[in-house]
Amino acid sequence: MSSNLSDISHDQLAVRRQKLEDLRVQGVDPFRSEFNPTHTAETAVAAYVEGVEPEEQPTVSVAGRLKFIRKMGKAQFVKIQDQSGVIQAYARIDALGEEAYGNFKKLDTGDIIGVEGPLFQTKTGEVTVRAERYALVSKALRPLPEKFHGLSDQEQRIRQRHLDLVMNLESRERFFNRSRIVSGIRRFLEERDYLEVETPVFQNVAGGASAKPFVTHHNTLDRDFVLRISLELYLKRLLVGGFDRVYEIGRNFRNEGISRRHNPEFTMLELYQAYSDYRGMMELIQSMIRYLVSEVLKKEEIKMPDGEVIDFMGEWREARYKDLVCEKVEDPNWFDLPKEEKVARARALNLEVESDWEDYEVSNEVFGKLVEPTLIQPTFVTHLPKELCPLAKITLDDPSTIDVFELCIGGMEIAPAYSEQNDPDVQREMFEKQAGEETQNIDEDFLETLEYGMPPAGGLGMGIDRITILLTEAENIRDVILYPQLRS
């Protein structure tokens with residue numbers, strides 16, 4: 001896609017193209033096949049030794065993109081940015097030689113170069129590479145954005161993420177932290193003897209959740225498949241197979257809407273632990289998130305965009321779903337009301353509900369629109385209506401609910417967890433109620449698998465995108481996905 005940066009002129013492009021041709025005439029390769037730096041910007045700065053004479057300082061080789069050039073006649077200071085950060089380099093004509101320095105002066109911001117030389121410290125205390133040799137590694141034929149604070153247009157930042165990452169340090173750090181979060185999750189689970197596995201993306205039945213799938217056609221097999229909407233059912237098959245602790249971090253696909261917190265292609269963590277239940281999952285997710293905050297991100301608190309501070313180290317609240325809904329509508333008998341009255345009262349609360357909705361759907365609209373956004377501090381919402389998840393154990397003392405929790409933080413659902421249903425007959429009954437007349441959507445293979453015996457288990461899912469929104473203090477899911485889907 002061609003750039004739509006308004007500050008790029010044809011003259012600027014022409015000047016860079018001419019420099020490219022001049023280099024080639026001189027026999028200089030402007031797009032080298034390799035360069036082997038000995039240090040990153042970060043490790044080079046760390047290699048400087050305080051109190052040591054200049055001639056005893058280490059020689060380093062660094063490479064990266066030119067972000068800043070300050071010309072001073074027969075010398076130049078430049079800033080070089082690599083993945084780890086930025087380091088300064090100092091080039092002089094007497095060190096490089098007249099011809100090499102002449103070409104150095106022709107470098108542009110955006111060019112990728114390598115520099116080698118000893119370290120020294122400037123009068124302002126900045127560790128700098130004194131360039132004795134340099135190489136143009138890759139000539140930038142388009143200039144970087146002029147604005148010093150980088151790209152500000154949200155749409156353009158996403159469509160040209162490469163420029164966003166070059167210019168916006170906050171964006172770079174957010175995606176570094178996303179990788180650290182995923183790595184931290186793996187370390188945490190491996191220390192608890194979880195086994196990472198991979199399950200199919202192409203599936204016969206869109207199971208494990210209620211969502212509209214994407215459909216694709218396999219030419220060799222001459223049949224349609226759906227892209228998975230959940231990781232759940234194949235991971236549970238592994239419990240039957242004798243893998244007691246399994247997890248997967250993988251992509252799910254739901255052919256549904258896009259919002260600040262929803263993307264059709266998203267990354268999920270799902271895990272299952274035999275001989276556990278939803279209470280065991282409470283301890284696990286609390287410990288995991290605290291580990292990510294304190295040990296991975298080295299933070300003590302997380303701030304919401306509105307400035308409210310989330311306390312992860314204090315006590316996490318636990319509340320029943322029904323109690324929260326009754327409290328919000330100010331009626332302890334809400335769940336005993338006929339559906340028609342619920343609809344009328346929900347509309348009085350400015351909720352858009354339809355008369356043909358199921359009873360539980362009306363209550364869930366109250367929860368989703370009026371309760372969940374208020375749950376800023378970590379809250380386990382427990383014992384949801386059984387219709388919301390056919391894969392969980394029914395609560396013994398209340399057959400209208402299931403043994404589950406939804407962990408809500410920052411006004412959004414972060415992680416649901418269940419005591420998993422392992423009775424194949426009850427599971428079939430729940431599937432059939434959910435499917436209604438669409439019985440072809442029942443995963444018969446999974447039900448047959450359950451008949452071989454699945455141990456009691458706790459299961460948990462957590463959206464990687466959502467936990468990253470929360471822990472990196474982002475405002476939009478598009479800020480934490482490198483390349484989200486956009487309109488043409």
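Treat the numbers as computed from the prediction; the structure is a model and nothing was measured.

Rules behind the numbers
- Residues numbered from 1 in each chain as written.
- Predicted model: local features only at pLDDT ≥ 70, side-chain atom pairs only at ≥ 80, totals over all residues.
- Heavy atoms only, no water.
- Buried < 20%, exposed > 50% of the residue type's maximum accessible area, 1.4 Å probe, protein only.
- Helix = DSSP H or I, 4+ residues; strand = E, 2+ residues; numbered from the N terminus.
- Arc of directions from axis to C-beta.
- Contact = heavy atoms within 4.5 Å.
- Phe/Tyr/Trp six-rings, centres within 6.5 Å; stacked < 30°, edge-to-face > 60°.
- Lys NZ or Arg CZ within 6 Å of the ring centre and 35° of its normal.
- Pairing = 2+ DSSP bridges.
- Polar contact = N/O pair within 3.5 Å; in protein donor to acceptor, adjacent residues only side chain to side chain.
- Axes fitted to C-alpha atoms, helices over the stretch in contact; angles between N-to-C directions.

Caption draft 1: View of helix H4 (residues 98–105). Listing the buried residues of H4 in full gives Tyr 101, Asn 103 and Phe 104. All buried residues of H4 fall inside an arc of 160° around its axis, so they share one side. Residues of H4 that are exposed and point over 90 degrees away from its buried face: Glu 98 and Glu 99. Where the residues of H4 are buried, they touch strand S2 (75–81), strand S3 (86–92), helix H3 (93–96), strand S4 (112–121) and strand S6 (133–138).

Caption draft 2: Up close: the packing of aromatic side chains. In total, this model carries eleven aromatic pairs according to the counting rule given. Consider the rings of Phe 188 and Tyr 291, whose centres lie 5.8 Å apart with planes at 40°: the pair is tilted. Of the two residues, Phe 188 is situated in helix H7 (residues 169–191) and Tyr 291 in helix H9 (residues 278–296); the sequence distance between them amounts to 103 residues. Seen from their ring centres, Phe 202 and Phe 225 are 6.0 Å apart, and the 25° between their planes marks the pair as stacked. Here Phe 225 lies in strand S10 (residues 223–227) and Phe 202 lies in strand S8 (residues 202–203), a separation of 23 residues in the sequence. A relative accessible area of 41% places Phe 202 in the partly exposed class. Take Phe 225: its relative accessible area is 9%, and that puts it in the buried class. A connected cluster of aromatic rings, assembled from ring pairs, spans Phe 312, Trp 316, Phe 380 and Phe 405. One residue, Arg 237, lies across the ring of Tyr 234, its end atom 4.3 Å from the ring centre. Geometry around Phe 335 places Lys 322 over its ring, the cationic atom sitting 5.5 Å from the centre.

Caption draft 3: A look at the sheet that holds S10. Pairing is antiparallel in the open sheet, where three strands are placed in the order S8-S10-S9. Sheet topology places S8 and strand S9 (215–218) at the edges, where each strand pairs with a single neighbour.

Caption draft 4: Molecular detail of the environment of His 217. Relative to the elements of secondary structure, His 217 occurs in strand S9. Residues in contact with His 217, not counting those within four places in the same chain, are Asp 222, Arg 223 and Asp 224. At 3.4 Å, the side chain of His 217 and the backbone oxygen of Arg 223 are in polar contact. Separated by 2.8 Å, the side chains of His 217 and Asp 224 make a polar contact.

Caption draft 5: Examining the environment of Phe 266 more closely. Relative to the elements of secondary structure, Phe 266 occurs in strand S12 (residues 265–274). We classify Phe 266 as buried; its relative accessible area is 13%. C-alpha separation for the pair Phe 266 and Asp 465, spaced 199 residues apart in sequence, amounts to 6.9 Å. Apart from residues lying up to four places away in sequence, Phe 266 is in contact with Ile 229, Gly 250, Arg 251, Asn 252, Phe 253, Arg 254 and Asp 465.

Caption draft 6: Region of interest: the sheet that holds strand S17 (residues 404–409). Taken in spatial order, the eight strands line up as S7-S11-S12-S19-S18-S17-S16-S15 in an open sheet, and their pairing is mixed. Each having just a single partner strand, strand S7 (195–196) and strand S15 (317–320) make up the two edges of the open sheet. For strand S16 (residues 379–382) and S17, the ladder comprises four bridges, and the chain directions are antiparallel. Within S17, the position partnered with Val 381 by the bridge is Glu 406. Contacts from helix H8 (residues 232–240) reach strand S11 (245–253), S12, strand S18 (412–419) and strand S19 (457–463) within the one sheet, and its direction differs from that of S12 by about 25°. Those strands touched by helix H10 (residues 321–329) are S15 and S16, and its axis lies near 80° from that of S15.

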